[in-house]
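# Tertiary structure, described
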Amino acid sequence: YYRDAIPLAQEYGFKNLGQLSIEKTLVGDFSPGAFIIGSWPSQKAMQAFEQHPKWPSLKATRIQAWEELKLYNDEVQKPVSLKFSEGKTYSAAFAWTNPENPNNYFQYLDKVQPLLEKVGARFIIKMVQPDLEAHDPDAKPPQQITFVEWDSPDGLQKLRAMPEYAQLSKLLRSGTLRFEFHLLKPRVHS
């Protein structure tokens, strides 16, 4: 798949921006092997790639290559530059919001941002209402995927130890039906 599909995608402007290994899954029952982050120059370029005559047969090989595969796509409104540093820790949060309290999760994100800054962390990208391609045709995408960069491996513990965070965690719990949280490290290629 990688030998044939990726070079073909690169002809349409696809770029691999980085690969993150899963250090630990802290919340959730899905534990992926890795996150691979890529970009297309435009929605039109991705659609042109998907119209290539070779693509259907290449795409069909995914089911043999991976036991489980989830591809999330989201169109960004302004250019985003992503760089993953070896000395940093990263996290990915997947949130399926609670329809009874749909704004609680987004309030949580707004209120946690200044606390993240206090512990040396920052949001690097938020994917809102991403599209999902998965082996399971009934899989539902989360309402948001949020990536955070942490200056130190103990940043999350520092955040959770803050008195202000206890109140915010209530918004997180009441605002989500399902939540996954993974700690990540950049995968270094030698």
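Just above, that's the structure.
This section reports on the structure supplied with the text.

What counts as what
- Residues numbered from 1 in each chain as written.
- Predicted model: local features only at pLDDT ≥ 70, side-chain atom pairs only at ≥ 80, totals over all residues.
- Heavy atoms only, no water.
- Helix = DSSP H or I, 4+ residues; strand = E, 2+ residues; numbered from the N terminus.
- Buried < 20%, exposed > 50% of the residue type's maximum accessible area, 1.4 Å probe, protein only.
- Contact = heavy atoms within 4.5 Å.
- Lys, Arg positive; Asp, Glu negative; His and termini not counted.
- Charge placed at Lys NZ, Arg CZ, Asp CG, Glu CD.
- Patch = residues over 30% accessible without salt bridge, like charges linked within 9 Å, V, L, I, M, F, W, Y side chains within 5 Å.
- Areas by Shrake-Rupley, 256 points an atom, 1.4 Å probe, with all protein chains shown as cover.
- Salt bridge = Lys/Arg side-chain N within 4 Å of Asp/Glu carboxyl O.
- 1 Å grid on protein atoms, 1.4 Å probe; cavity = no way out; pocket = protein on both sides within 12 Å on 5 of 7 lines; lining within 4 Å.
- Points joined across faces, edges and corners; volume = space filled by probe spheres on them.
- Nonpolar A, V, L, I, M, F, W, Y, C, P; charged D, E, K, R; others polar.
- Pairing = 2+ DSSP bridges.
- Axes fitted to C-alpha atoms, helices over the stretch in contact; angles between N-to-C directions.

## Focus on the overall build of the protein
- Within the protein one finds seven helices and eight strands.
- Counting only C-alpha atoms and orienting by the principal axes, one finds that the protein spans roughly 55 × 40 × 30 Å.
- Counting every position in the protein, which comprises 190 residues, the buried fraction comes to 38%.
- Considering only residue pairs separated by 6 or more positions, the protein has 79% of its internal contacts joining residues 24 or more positions apart.
- Counting 23 positive and 22 negative side-chain charges, the protein places the averaged centre of each group 4 Å from the other.

## Looking at a negative patch on the surface
- A surface patch of like charges, here negative, comprises Glu67, Glu68, Asp136 and Asp138.
- Mapped onto the elements, Glu68 comes out in the loop between helix H4 (62–65) and strand S3 (70–73).
- Glu68 gets classed as partly exposed once you look at its relative accessible area, which sits at 35%.

## Here's the deal with the layout of surface pockets
- The volume enclosed by the largest pocket comes to roughly 1600 Å³.
- Around the largest pocket, the lining is made up of 50 residues, and of these Ile36, Ile37, Gly38, Tyr72 and Asn73 lie nearest the centre.
- Here the lining of the largest pocket gets six residues from one element, more than from any other, and that element is strand S2 (residues 34–39).
- Looking at the lining of the largest pocket residue by residue, the class counts come to 31 nonpolar, 10 polar and nine charged.
- Its volume calculated, the second largest pocket comes out at about 250 Å³.
- Around the second largest pocket, the lining comprises 19 residues; the ones closest to its centre are Tyr108, Tyr165, Leu172, Phe179 and Phe181.
- When contributions to the lining of the second largest pocket are tallied by element, the ones reaching two or more residues are strand S4 (89–97), helix H5 (104–118), strand S7 (144–150), helix H6 (155–161), helix H7 (163–175) and strand S8 (176–186).
- Of the residues forming the lining of the second largest pocket, the biggest block, five residues, is contributed by H5.
- Among the residues making up the lining of the second largest pocket, the classes are represented as 16 nonpolar, two polar and one charged.

## A short note on the sheet that holds strand S1 (residues 15–27)
- The six strands lie next to each other as S2-S1-S8-S4-S7-S5, forming an open sheet whose pairing is antiparallel. Here the strands that pair on one side only, and so sit at the sheet edges, are S2 and strand S5 (121–128). On average, each strand axis in the sheet is tilted by 30° relative to the strand beside it, whichever way the strands run.
- Bridge analysis of S4 against S7 gives seven bridges, and the strand direction is antiparallel. Looking at the pairing, Tyr90 lines up with Glu149 of S7.
- Where H5 meets the sheet, it contacts S4, S5, S7 and S8, and its direction lies at approximately 5° from that of S7.

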